[in-house]
2 protein chains.
Amino acid sequence: MTPARSRRPGAPTRTERGIPEATVARLPVYLRALTALSDSGIATASSEDLATAAGVNSAKLRKDLSYLGSYGTRGVGYDVEYLRYQIAREIGVTQDWAVVIVGIGNLGHALANYSGFGTRGFRIVALLDADPQLVGERIGDMVVRDFAELEEIVAADRVSIGVITTPAGPAQEVCDRLVAAGVTSILNFAPVVLSVPDGVDIRKVDLSIELQILAYHEQRKSGEAALPQVPELPAINGLPELPSVGGGVGA
Amino acid sequence: MTPARSRRPGAPTRTERGIPEATVARLPVYLRALTALSDSGIATASSEDLATAAGVNSAKLRKDLSYLGSYGTRGVGYDVEYLRYQIAREIGVTQDWAVVIVGIGNLGHALANYSGFGTRGFRIVALLDADPQLVGERIGDMVVRDFAELEEIVAADRVSIGVITTPAGPAQEVCDRLVAAGVTSILNFAPVVLSVPDGVDIRKVDLSIELQILAYHEQRKSGEAALPQVPELPAINGLPELPSVGGGVGA
DNA sequence: CCGATTTTGTTCTCACGTTCACAAGCTCCT
DNA sequence: AGGAGCTTGTGAACGTGAGAACAAAATCGG
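The name given to chain A in an unreviewed UniProt entry is Redox-sensing transcriptional repressor Rex, and the organism recorded there is Kribbella sancticallisti. According to the UniProt record, the Sequence similarities (unreviewed entry) comment for chain A is "Belongs to the transcriptional regulatory Rex family." UniProt lists a comment for chain A under the heading Subcellular location (unreviewed entry), and it reads "Cytoplasm".

So this is what it looks like as structure tokens:
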């Protein structure tokens, strides 16, 4: 009956180029889970299996995958290799993206040594720092180059992703230079809010923020049972000694 | 109709000890912004000023702060020092939390050198690794100790937060040991989904996932204008060479 | 003392994300 | 061939978060 296979105009219309941001953030997790299953020699997996491996619930996983298309088989599950390829293609890691890392301090060093960031799909084409003492240093099979060469490198290698691992101070200036050079995606490890023009994506990784979120919940746990001494209003004016909390730069 | 001004049972009910998770995640950002303002010698700031410094919109900031209480003055703004203290207290960083770092590879090294993680409120009490070659190494003013000493250290120093910077392989086992020893909050840098019992909080920082999210948006940008060669179905069975994508461990 | 001005705290509405529940569709067994 | 048994894909209900808009409260100038 009703062979109306036609899409209703109001319907979400799959593959209409619009995957929810929350789903995009989970696709890499699914990709990793699929890779693990594949490495274990598993050829087919149900949404339940995948969800367990990815640490989410199966309904959410199915809905997420449904945004990409209908890549499963009812009654059977998903072909691991096939789904893996489809997700990789959707994310864009079937091709290699050129990446530069700016700021070769402790963290920059660590990232540079991370073999390919722990993931294929990305190629570190340069390690940059403005400190003349660092320029020329070898890290793995790369050499630290002068930050002044940025524009040239970005143009030559079609770099679209920049990673900022400088201290907070120079981060905004570095960011501006990256954007001016043509970089359109930035991963920021510096503890500052960077401002970028429209069209440039920015993501932030901040250790101290993560720790503080944990501390909040931790306080709730221990406080629930043991800490009734919460001073609601220690003193409106004339504060008790403020224990110097907050955003130091580190490094 | 129904002028029931009475609190509906389902209503949010302010100050009922329940700050939305999204707000909790922003409080550390506000804290950092306030610290910056304080360091600049600014004594009072409006929600607009603060919002700009924190990179959010002012309505959201005011709503977030309203969950903590009424710490502002209408017509004036917020007292920077006072608000800073209140947020620090709410987060729980007016006290110091003992932290252990497990896995002293590249990233563990980097974190250990981060002076206090770039934030007061946390005290690294031990660097642990199971590799005998690393044990005894000095990093800053600390010495790497054997992972076997974990339980003893956690008990002695009341450690409640553990940071995992091991490779993916041993991460779950390390996690289990941490939990068994009494750690109730974990910050995980290993590219795996860890499972923990109820009551234990876990947060994940994953470089390759962040990069992949950037890659997705990057592909959209360049693809919009230049890449029409999207193979919808390369081959149902018999895939084209799969370019080995996904969750490598990375040293 | 009063009104103009400023800025907070809160309410309302809308959009987004999650979860439930079930029809559609596939395979396998009899 | 036909029905039983799974598992996907999705519509609908629910909950959370974001933003606009405004009333309440404080300061300041006259």
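From this point, things continue past the structure.
A. Spotlight on the overall build of chain A. Each helix and strand counted, chain A has 8 helices and 10 strands in total. When burial is assessed residue by residue, chain A has 41% of its 251 residues classed as buried. Taking the contacts inside chain A whose residues are at least 6 apart along the sequence as the reference set, 56% of them involve residues at least 24 apart.

B. Region of the structure containing the UniProt feature "binding site: NAD(+)" (unreviewed entry) in chain A. Residue and element names in this part refer to chain A. Using the residue numbers shown here, the UniProt feature "binding site: NAD(+)" (unreviewed entry) corresponds to Gly 103, Ile 104, Gly 105, Asn 106, Leu 107 and Gly 108. Position of Ile 104 relative to the elements: it lies in the loop between β4 (97-102) and α5 (106-113). Each residue touching Ile 104, except ones within four places of it in the same chain, is listed here: His 109, Ala 112, Leu 127, Asp 129, Leu 134 and Val 144. For Gly 108, the position within the fold is in helix α5. Judged by the 25 C-beta atoms lying within 10 Å of it, Gly 108 falls in the buried class.

C. Spotlight on the protein's contact with DNA strand C. With respect to spatial proximity, 28 residues lie near DNA strand C, and among them Pro 20 and Gly 75 of chain A together with Ser 47, Gly 72 and Gly 75 of chain B are the closest. At the level of secondary structure, the elements contributing two or more residues to the surface near DNA strand C comprise α1 (21-39) and α3 (58-66) of chain A together with α2 (47-54), α3 (58-66) and β3 (77-79) of chain B. Looking at the surface near DNA strand C element by element, the count peaks at 5 residues for α3 of chain B. A breakdown of the residues in the surface near DNA strand C according to their chemical character gives 9 nonpolar, 10 polar and 9 charged.

D. Representation of the sheet that holds strand β5 (residues 122-129) of chain B in the model. Residues and elements named next belong to chain B. The 7 strands lie next to each other as β6-β7-β5-β4-β8-β9-β10, forming an open sheet whose pairing is mixed. Across the chains shown, the open sheet's two edge strands, defined by having one partner strand only, are β6 (138-139) and β10 (201-204). Where strand β8 (residues 161-164) meets strand β9 (residues 185-188), 4 bridges bridge the pair, whose relative direction is parallel. Bridge pairing in β9 places Val 163 opposite Leu 187.

E. Representation of the protein's contact with DNA strand D in the model. Lining the immediate surroundings of DNA strand D are 30 residues, of which Ser 47, Gly 72 and Gly 75 of chain A together with Pro 20 and Gly 75 of chain B lie closest. Among the elements of the structure, α2 (47-54), α3 and β3 (77-79) of chain A together with α1 (21-39) and α3 of chain B are those that each provide at least two residues to the surface near DNA strand D. A total of 5 residues in the surface near DNA strand D trace back to one element, the largest contributor, which is α3 of chain A.

F. Local environment of the pairing of β5 of chain B. Residue and element names in this part refer to chain B. For β5, the tally of buried residues reaches 6 of 8 residues, placing the bulk of the element in the interior. Pairing geometry for strand β4 (residues 97-102) and β5, over 6 bridges, is parallel. Considered in β5, the bridge of Trp 97 is made with Phe 122. Pairing analysis gives 3 bridges linking β5 to strand β7 (residues 142-146), with the strands arranged parallel. Within β7, the position partnered with Asp 129 by the bridge is Asp 146.

G. Geometry of the environment of Leu 27 of chain B. Residue and element names in this part refer to chain B. Mapped onto the elements, Leu 27 comes out in helix α1. A count of 24 C-beta atoms within 10 Å places Leu 27 in the buried class. Each C-alpha atom of the pair Leu 27 and Leu 61 lies 9.3 Å from the other, and the pair is 34 residues apart in sequence. In contact with Leu 27, other than residues within four places in its own chain, are Ile 87, Glu 90 and Ile 91.

H. How the structure looks around the packing of α1 of chain A against helix α4 (residues 80-91) of chain A. Residues and elements named next belong to chain A. The N-to-C vectors of α1 and α4 enclose an angle of 150°; their axes lie 9 Å apart at closest approach. One element, α1, and the other, α4, form an angle in the roughly antiparallel class. Of the two elements, α1 crosses α4, and the hand of that crossing is left-handed. Between α1 and α4, the contacting residues are Leu 27, Pro 28, Tyr 30, Leu 31, Leu 34, Thr 35, Leu 37 and Ser 38 on the first element and Val 80, Glu 81, Leu 83, Arg 84, Ile 87, Ala 88, Glu 90 and Ile 91 on the second. Classifying every residue of the contact of α1 with α4 gives 11 nonpolar, 2 polar and 3 charged.

About the criteria used
- Residues numbered from 1 in each chain as written.
- Chains lettered and ligands numbered in written order.
- Predicted model: local features only at pLDDT ≥ 70, side-chain atom pairs only at ≥ 80, totals over all residues.
- UniProt positions renumbered as here; feature names shortened; annotations may be inferred.
- Helix = DSSP H or I, 4+ residues; strand = E, 2+ residues; numbered from the N terminus.
- Buried ≥ 20, exposed ≤ 12 C-beta atoms within 10 Å, placed from the backbone.
- Contact = placed C-beta atoms within 7 Å.
- Near = placed C-beta within 6 Å.
- Nonpolar A, V, L, I, M, F, W, Y, C, P; charged D, E, K, R; others polar.
- Pairing = 2+ DSSP bridges.
- Axes fitted to C-alpha atoms, helices over the stretch in contact; angles between N-to-C directions.
- Parallel < 35°, antiparallel > 145°, perpendicular 65-115°, else oblique.
- Left-handed = near helix turned anticlockwise from the far one by under 90°.

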